[in-house]
Amino acid sequence: MTIDRELFVSAPGKVILHGEHAVVHGKMALAVGLNLRTFIRIRPCKDDTVLINLPNIGTKLSWDVSQLQSLLPSFQDDPQNMEILKNFAGLTDGCKDTESLAVLAFLYLYLSIFGRDLPSVDVVVWSQLPTGAGLGSSAAYCVCLAAAMLTYCGRIADPMREEAKTSRWSQTELDLINQWAFQGEKVIHGNPSGVDNAVGTWGGALQYQSGRITPIERVPMLHILLTNTKVPRSTKVLVAGVKEKLLKFPDIIEPVLSSIHAISQECQRVLKEMTAGLSMDHYSVLEELIDINQHHLNVIGVGHPSLNTICRVTAERGLHSKLTGAGGGGCAVTLLRPDTDHTVVEAVKQELTDCGFQCWETSIGALGVSVHLPSSLTEDAREAFSNL
Ligand SMILES: Nc1ncnc2c1ncn2[C@@H]1O[C@H](COP(=O)(O)OP(=O)(O)O)[C@@H](O)[C@H]1O
Ligand SMILES: C[C@@](O)(CCOP(=O)(O)O)CC(=O)O
Ligand SMILES: [Mg+2]
């Protein structure tokens, strides 16, 4: 049964500690939820129209439901054929740009999830995450779309219904959200590993390998500095580049990916040891792993001079950084030790800001996909939606 009021859902971004790119090729990744989130509002729309408003990327579009309905037979015949959706939305051929991918993922999920009963809806997606910067904005976007649409059409329960015992979805419902979000990620990334949508759905900290999601129940409280170089890049292009290198030099690149896998394993072992009793030696190992992985990521071709600048500036103050996410620009993560002096962190932040970068100090782990009452939205989200 379709719900007849507005529904708010949010999903977190993520930080990949280790294993980006290698995870696309069957290796292990360690990833954690980030307390920067994407929010969606979906509500019925009066005049047989579908409205989509994506303020972060400056996109506002609308279609008649009847136009979308006429697209259904050819779409359902061949759902993987993006040409049908591209032609419909008037998108150009290369189709790698921000707006095209966001619109394609929306149309794909809207037609697939609602099927024969296409509703007239007004959808707004607003995010605290930078778009295309390695913090999993595409996955958070797809998790929000999937959760909101599945709830809206009643395929999963509305956790806010009056008789609900908790305001959370069940594991089976979360699985369904994750599966659809993965399909959306496929539209945006081409060949995603699925780690980002898993973190967007379950949050917390998890180990991910070949579709297997293993939550890490206990993780030490790690403080990190995230720095956005603001250098634009596309995950789709970077993932395709690594594949090309792997095909060209299998004997050279495969061992690098295997080494990244071993780094993830070693990191997980150290994190586990830290929960039993933390020492500064543990931090030294984590720092070494960060340095080795950053070199590996450069080897597989996903580095960028701006990321090297972050590594240099932080290293000059004794801190260790690596790129996180797809690289090629985007964000780096720097580990902050408990004994790192506050003035050192402030000095590093100042220097990075002077380079034109943006920094956030944060800790790891965040709640997975969640439903909200308007009153339980963060203040910035409430304000953003009140103007949209
Ligand atoms: N809030 C958003 N609104 C609209 N589109 C979004 C939003 N967040 C992400 N996207 C889509 O995801 C793409 C970025 O995905 P990607 O290149 O994987 O980078 P990342 O996931 O690291 O942010 C954008 O180009 C856009 O198509
Ligand atoms: C490079 C990769 O490992 C992570 C991409 O993350 P992001 O889209 O840059 O946030 C790709 C993937 O796992 O699908
Ligand atoms: Mg992405």
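Rules used in this analysis
Residues numbered from 1 in each chain as written. Chains lettered and ligands numbered in written order. Predicted model: local features only at pLDDT ≥ 70, side-chain atom pairs only at ≥ 80, totals over all residues. Heavy atoms only, no water. Near = heavy atom within 4 Å. Polar contact = N/O pair within 3.5 Å; in protein donor to acceptor, adjacent residues only side chain to side chain. Areas by Shrake-Rupley, 256 points an atom, 1.4 Å probe, with all protein chains shown as cover. 1 Å grid on protein atoms, 1.4 Å probe; cavity = no way out; pocket = protein on both sides within 12 Å on 5 of 7 lines; lining within 4 Å. Sits in = over half its atoms within 2 Å of the grid points. Nonpolar A, V, L, I, M, F, W, Y, C, P; charged D, E, K, R; others polar. Domains from an automatic or database assignment. Helix = DSSP H or I, 4+ residues; strand = E, 2+ residues; numbered from the N terminus. Expected span 1.5 Å × (residues − 1). Buried < 20%, exposed > 50% of the residue type's maximum accessible area, 1.4 Å probe, protein only. Contact = heavy atoms within 4.5 Å. UniProt positions renumbered as here; feature names shortened; annotations may be inferred. Pairing = 2+ DSSP bridges. Points joined across faces, edges and corners; volume = space filled by probe spheres on them. Donors = N, O, S within 2.8 Å, 3.2 Å for Na, K, Ca; no water. Buried area = accessible area lost by both parts, 1.4 Å probe. Salt bridge = Lys/Arg side-chain N within 4 Å of Asp/Glu carboxyl O. Axes fitted to C-alpha atoms, helices over the stretch in contact; angles between N-to-C directions.

## With respect to the site of ligand 2
Now for step 1: Taken together, 19 residues lie around ligand 2, and K14, G136, S193, R233 and T235 are the ones closest in.
Now for step 2: One of the side-chain nitrogen or oxygen atoms of K14 is found 2.7 Å away from an oxygen atom of ligand 2.
Now for step 3: Here an oxygen atom of ligand 2 and a side-chain polar atom of T235 are 2.8 Å apart.
Now for step 4: Against a free-state accessible area of 390 Å², the protein chains account for coverage of 98% of ligand 2.
Now for step 5: For ligand 2, the cavity whose grid points lie within 2 Å of the majority of its atoms is the largest pocket.
Now for step 6: Of the residues belonging to the shell around ligand 2, the class tally is 8 nonpolar, 7 polar and 4 charged.
Now for step 7: Residue-level mapping places the shell around ligand 2 at the junction of two domains, with at least three residues from each of domain 1 (7–213 + 366–386) and domain 2 (219–363).

## Here's the deal with helix α9 (residues 280–299)
Now for step 1: Relative to the 28 Å expected for 20 residues at 1.5 Å per residue, α9 spans 29 Å between its end C-alpha atoms, a close match to the ideal helical length.
Now for step 2: Regarding α9, the residues found buried are H282, Y283, L286, E287, L289, I290, N293, Q294, H296 and L297.
Now for step 3: Buried residues along α9 sit against β1 (7–18), α8 (250–276), α10 (305–315), β9 (320–324) and β10 (331–336).
Now for step 4: Of the residues that open α9, the one with a side-chain oxygen 3.2 Å from the backbone nitrogen of D281 is S279.
Now for step 5: Phi turns positive, to about 90 degrees, at G301, one or two residues after α9.

## A few points about the UniProt feature "domain: GHMP kinase C-terminal" (unreviewed entry) in the protein
Now for step 1: Mapped onto this structure's residue numbering, the UniProt feature "domain: GHMP kinase C-terminal" (unreviewed entry) falls at residues 286–351.
Now for step 2: Between the first and last C-alpha atoms of residues 286–351 the distance is 24 Å; the span itself is 53% helix and 17% strand.

## Focus on the pairing of strand β7 (residues 212–215)
Now for step 1: In the sheet, strand β6 (residues 205–209) pairs with β7 via 4 bridges, with the strands oriented antiparallel. Bridge assignment links Q209 to a residue of β7, and that residue is R212.
Now for step 2: Linkage of β6 to β7, two consecutive antiparallel strands, is achieved through a turn of 2 residues, within which S210 is found at a positive phi near 45 degrees.

## Examining the environment of L104
Now for step 1: Looking at where L104 falls in the secondary structure, it is placed in helix α3 (residues 98–114).
Now for step 2: The sequence separation of L104 and V187 amounts to 83 residues, and the corresponding C-alpha distance is 7.0 Å.

## Remarks on the site of ligand 1
Now for step 1: The environment of ligand 1 is formed by 20 residues, the closest being T98, G132, G134, S137 and H189.
Now for step 2: At 2.8 Å from an oxygen atom of ligand 1 is found a main-chain nitrogen or oxygen belonging to G132.
Now for step 3: Between ligand 1 and T235, the relevant distance is 2.9 Å, taken from an oxygen atom to a side-chain nitrogen or oxygen of the residue.
Now for step 4: Here ligand 1, which alone exposes 560 Å², has 96% of that area covered by the protein.
Now for step 5: The cavity where ligand 1 resides is the largest pocket.
Now for step 6: Across the shell around ligand 1, the residue classes tally to 8 nonpolar, 11 polar and 1 charged.

## A word on empty space enclosed by the protein
Now for step 1: Across all of its chains, the model carries 2 cavities of 30 Å³ or more by this definition.
Now for step 2: Quantified by volume, the largest cavity comes out at close to 120 Å³.
Now for step 3: Lining the largest cavity we find L17, H18, L222, I224, C267, L271, L286, I290, V333, T334 and L335.
Now for step 4: For the lining of the largest cavity, the secondary structure elements donating two or more residues are β1, α8, α9 and β10.
Now for step 5: Ranked by residue count, the leading element in the lining of the largest cavity is β10, at 3 residues.

## Description of the coordination of the magnesium ion (ligand 3)
Now for step 1: At 2.1 to 2.4 Å from the magnesium ion (ligand 3) lie its protein donor atoms, namely S138 (OG) and H189 (NE2). With S138 in helix α4 (residues 137–152) and H189 in helix α5 (residues 171–189), this residue pair connects regions lying 51 residues apart in the sequence.

## Notes on the domain arrangement of the protein
Reports often express the size of an interface as the amount of accessible area lost when the parts come together.
Now for step 1: In terms of domain boundaries, the protein breaks down into domain 1 (7–213 + 366–386) and domain 2 (219–363).
Now for step 2: Contact between domain 1 and domain 2 buries roughly 2900 Å² in total, counting both sides, with carbon and sulfur atoms accounting for 65%.
Now for step 3: Contact with domain 2 buries surface across domain 1, with H18, H21 and H25 losing the most and accounting together for 23% of the total.
Now for step 4: Where domain 1 packs against domain 2, one counts 2 salt bridges.
Now for step 5: Applying the counting criterion to the domain 1 and domain 2 interface returns 14 residue pairs in polar contact (both at pLDDT 80 or more).
Now for step 6: Listed by contribution, the elements that provide at least two residues to the side of domain 1 that touches domain 2 are β1, β2 (29–44), α5 and β6.
Now for step 7: In the side of domain 1 that touches domain 2, the residues fall into 18 nonpolar, 12 polar and 4 charged.

## Here we look at the sheet that holds strand β11 (residues 358–363)
Now for step 1: Ordered in space as β9-β10-β8-β11, the 4 strands form an open sheet in which the pairing is antiparallel. On the outer flanks of this sheet lie β9 and β11, each paired with one strand and no other. Neighbouring strand axes in the sheet, compared pairwise and without regard to direction, differ in orientation by 25 degrees on average.
Now for step 2: Sheet analysis places β9 next to β10, joined by 5 bridges and oriented antiparallel. Residue H320 lies in a different strand from β10, and its bridge partner there is L335.
Now for step 3: Along the sheet, α10 contacts β8 (223–228), β9 and β10; its crossing angle with β10, the most-contacted strand, is approximately 15 degrees.

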